[in-house]
Amino acid sequence: MEASDVGHRSPPSPLRATRSRGLSGRLRPPGDKSVSHRALILGLLCVGETQIEGLLEGDDVLRTAAACRQLGARVIRHGEGVWSVNGAGLGSLLTPRETLDFGNAGTGSRLMMGVVGGHAVTARFDGDASLRKRPMKRILDPLQLQGARILEQAEGGRCPIVLQGTSEPLPIEYRTPVASAQIKSAVLLAGLNSPGRTTVIETEASRDHTEKMLLHFGAHVVSDPFGEHGRKITLEGRPELRASKVSVPADPSSAAFPLAAAVIAEGSEIVVEGVMTNPLRSGLLTTLLEMGARIELENRRVEGGEEVADIKARYSPQLRGVDVPAARAPSMIDEYPILAVIASFASGETRMRGLSELRVKESDRLAAIAAGLAANGVEWAIEGDDLIVKGGAGEVKGGGLVETQLDHRIAMSFLVMGLAAREAVTVDDQSMIATSFPSFRPLMEKLGAKFE
Ligand code: S3P
């Protein structure tokens, strides 16, 4: 399977969601996007066969698979979600002949910049109109300290970028300027091929999938607490990486959509199975419980080194607005669009603090959320980096046309709104949903969701 062209290259394809009462049933969302990218990348960096089960076959991850091939790995799909990677090995990447085209994928491109930055190869990175707007300087800055060189870049450190890596990355200690697992991971991945020790300090802990995956593949990584909410991660360079088996748990960021739909659509009761409950990803669950959502975690277990659970969600007519602290943002950074939708159905105000990073996601998510809320009759305000949503106590007018701005999570969030609003909600383009949750529509339809 090859990466397909989505988004800016195909004509927009609108989709409409109409009120759907009594959602019911069980579903398993696809594999976690963050873990899927990392499994392929670590596979590229080992000699021998890495076997992956439950890989997300979304466009973003397929782009990473294609880039791994271009850098010298043999990547084979054996069946749904079942893939193998025969790696080129640490220190032995090939120089890609063509541009590494990451489409819409911020994570894939940024992590792979780390890999390239720490190897004696030169690669050109590019992507779609959304990726071309995203800031890459935050990745290029530390990579340059490690010894990589930027041969070409668009204005402000944006794609297309030509990056020349180094065969001897310098051991550095780097403090990330914002809580970002992508920055942390790029530095660590470049540091893998360093003859010394690489340290990353983050004052707010971000998702730790790279550290966990590195440990799983045999690298020496130590993660210590730093300050009140931070971490100090130390990696010994040039480890003997072992090709491994990876089982990818279901993506909590995708699970958020059916869970939210069940909470706001009258008479619903669903179970979402095998969802990763890593505490650095579960901020939305914490927030939903505070809001009074009827959510229960069942059958908690560990699968493939990650905590998972089946999550039961029921219609929750007593949702109340809450104050979401800025410190929680890293653990739910991708869930603010759907939280804003849920908050529209609560009684009272929900204040989400410290959302500056939302401005540099697949779209300016703060602006895209606000425009979507306004189009559907929901009152909101932005104060500095805080978003305030005024809930309609179970009633949202709907009826709007939402501009998705090449952003999959904006598309899915407002479709979920349409399942519970009085009037149908239309998104201008559903195609980007394929980047992270290609089975969104059929899985939601199985629960009883109505789209047309
Ligand atoms: C990701 C990290 C987050 C998140 C993105 C996936 C990752 O970005 O928004 O969807 O897999 O490392 P930042 O680390 O830049 O916040």
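Definitions and limits used
Think of each chain on its own: its residues are numbered from 1, step by step along the sequence as written. In keeping with the predicted nature of the model, local features appear solely for residues at pLDDT of at least 70, side-chain atom pairs appear and are counted solely at 80 or more, and the whole-chain, interface and lining totals rest on all residues. Remark: hydrogens and water are excluded; side-chain values derive from all non-hydrogen atoms of the structure. A pair of aromatic rings is counted whenever rings of Phe, Tyr or Trp (Trp by its six-membered ring) have centres within 6.5 Å, and the orientation is called stacked for planes under 30 degrees apart, edge-to-face for over 60 and tilted otherwise. Helical segments are the DSSP runs of H or I of at least four residues, strand segments are the runs of E of at least two, and each set is numbered from the N terminus. Partly exposed describes any residue whose relative accessible area lies between the buried limit of under 20% and the exposed limit of over 50%, with all areas from a 1.4 Å probe on protein chains only and scaled to the type maximum. Put simply, a residue is near a molecule or strand once any heavy atom of it comes within 4 Å of that molecule or strand. Polar contact is the term for a pair of N or O atoms within 3.5 Å; when the atoms are in protein, one must be able to donate a hydrogen and the other to accept it, and sequence-neighboring residues count only if both atoms are side-chain atoms. In these tables, accessible area is a Shrake-Rupley quantity obtained with a 1.4 Å probe, and a residue counts as shielded only by the protein chains included in the view. In this count, Pro and Cys sit with the nonpolar residues alongside Ala, Val, Leu, Ile, Met, Phe, Trp and Tyr, while Asp, Glu, Lys and Arg are called charged and the others, Gly among them, polar. The split of the chain into domains comes from an automatic or database domain assignment. DSSP calls a pair of strands paired once it identifies at least 2 bridges connecting them. By the convention used here, residues are in contact when the closest approach between their heavy atoms is within 4.5 Å. Lines fitted to C-alpha atoms define the axes, with helix axes restricted to the stretch in contact, and inter-axis angles between N-to-C directions lie between 0 and 180 degrees. A pair is scored as a salt bridge if a Lys or Arg side-chain nitrogen falls within 4 Å of a carboxyl oxygen belonging to Asp or Glu. Working definition of a nonpolar core: buried Ala, Val, Leu, Ile, Met, Phe, Trp, Tyr and Cys residues. They are joined through side-chain atoms within 4.5 Å.

Draft legend 1. The packing of aromatic side chains, seen in detail. Tallied over the entire structure, the rule returns four aromatic pairs. A centroid spacing of 6.3 Å and a plane angle of 85° characterise the contact between Phe257 and Phe440, whose relative ring orientation is edge-to-face. Of this pair, Phe257 sits in helix H8 (residues 252-264) while Phe440 sits in helix H13 (residues 440-447), and the two are 183 residues apart along the sequence. This pair shows no difference in class: Phe257 is buried, exactly as Phe440 is. Considering the side-chain rings of Phe440 and Phe451, the 5.9 Å spacing of their centres and the 45° angle between planes classify their relative orientation as tilted. Here the residue Phe440 occupies a position in helix H13, and Phe451 occupies one in strand E24 (residues 450-451), the gap between them amounting to 11 residues. On the accessibility criterion, Phe440 (1% relative accessible area) is buried.

Draft legend 2. Structural view of the site of the ligand. Near the ligand, the surroundings consist of Ser34, Arg38, Thr107, Ala179, Ser180, Ala181, Gln182, Arg207, Ile333, Asp334 and Lys361. Separating an oxygen atom of the ligand from a side-chain N or O atom of Ser180 is a distance of 3.0 Å. Within the contact set of the ligand, an oxygen atom lies 2.7 Å away from a backbone nitrogen or oxygen of Ala181. Out of a free accessible area of 380 Å², the ligand has 95% covered by protein chains. At the level of elements, helix H1 (33-44) and helix H6 (181-191) are the ones that each hand at least two residues to the shell around the ligand. For the shell around the ligand, the per-class residue count stands at three nonpolar, four polar and four charged. Two domains share the shell around the ligand, each providing at least three of its residues, namely domain 1 (3-29 + 250-451) and domain 2 (33-247).

Draft legend 3. Highlighting the pairing of strand E21 (residues 386-390). Here E21 lies mainly inside the structure; four of its five residues are buried. Bridge analysis of strand E19 (residues 349-352) against E21 gives four bridges, and the strand direction is antiparallel. Each bridged residue has a counterpart across the sheet, and for Glu349 the counterpart in E21 is Lys390. Across five bridges, the pairing between strand E20 (residues 379-383) and E21 is antiparallel.

Draft legend 4. Structural view of the sheet that holds E20. Pairing is mixed across the open sheet formed by four strands, whose spatial order is E18-E19-E21-E20. Lying at the two open borders of the sheet, with one neighbouring strand each, are strand E18 (323-324) and E20. Contacts from helix H11 (residues 365-375) reach E20 and E21 within the one sheet, and its direction differs from that of E20 by about 155°.

Draft legend 5. The arrangement of the pattern of salt bridges in detail. The full count for this structure, using the stated rule, is 40 salt bridges. Across the pair Asp101 and Arg63 runs a salt bridge whose closest N-O atoms are separated by 3.4 Å. Note that Asp101 is positioned in strand E6 (residues 100-101) and Arg63 in helix H2 (residues 59-70), a separation of 38 residues in sequence. Note that Arg132 is salt-bridged to Asp126, the shortest N-O span being 2.7 Å. Classification of Arg132 by relative accessible area gives partly exposed; the value is 40%. Looking at Asp126, the relative accessible area reads 9%, which means it is buried.

Draft legend 6. Highlighting the nonpolar core. With 72 residues, the main nonpolar core has Tyr336, Met352, Met417 and Phe440 as its most contacted residues. Ranked by residue count, the leading element in this core is H8, at nine residues. Membership of the second largest hydrophobic core comes to 65 residues, among which are Trp83, Ile139, Ala148 and Leu163.

Draft legend 7. Up close: the environment of Gln318. For Gln318, the location among the structural elements is in the loop between strand E17 (306-314) and E18. Since its relative accessible area comes to 62%, Gln318 is described here as exposed. It is 39 Å that separates the C-alpha atoms of Gln318 and Glu53, two residues lying 265 residues apart in sequence.

Draft legend 8. Layout of the pairing of strand E1 (residues 15-18). Side-chain alternation along E1 places Leu15 and Ala17 on a buried face and Arg16 and Thr18 on a face that remains uncovered. Here two bridges tie E1 to E24, and the two strands are oriented antiparallel to one another. Looking at the pairing, Thr18 lines up with Lys450 of E24.

Draft legend 9. Seen up close, the side chain of His37. With respect to the secondary-structure elements, His37 resides in helix H1. The class of His37 is buried, set by a relative accessible area of 0%. Engagement of the side chain of His37 in a polar contact is seen with the side chain of Thr64, the distance being 2.8 Å. Every residue in contact with His37, bar those within four places of it in the chain, is listed here: Asp60, Val61, Thr64, Ala105, Thr107 and Gly108.

Draft legend 10. Representation of the sheet that holds strand E14 (residues 245-247) in the model. Pairing within the open sheet is mixed, and its four strands lie in the order E4-E5-E3-E14. Taken across any chain shown, the strands that pair with only one partner, and hence form the sheet edges, are strand E4 (74-79) and E14. Strand-to-strand, the axes of this sheet are offset by a mean angle of 15°, without reference to chain direction. The sheet contact formed by E4 and strand E5 (residues 82-86) spans five bridges and is antiparallel. Bridged to Arg74 within E5 is Asn86. Those strands touched by H1 are strand E3 (49-53), E4, E5 and E14, and its axis lies near 170° from that of E3.

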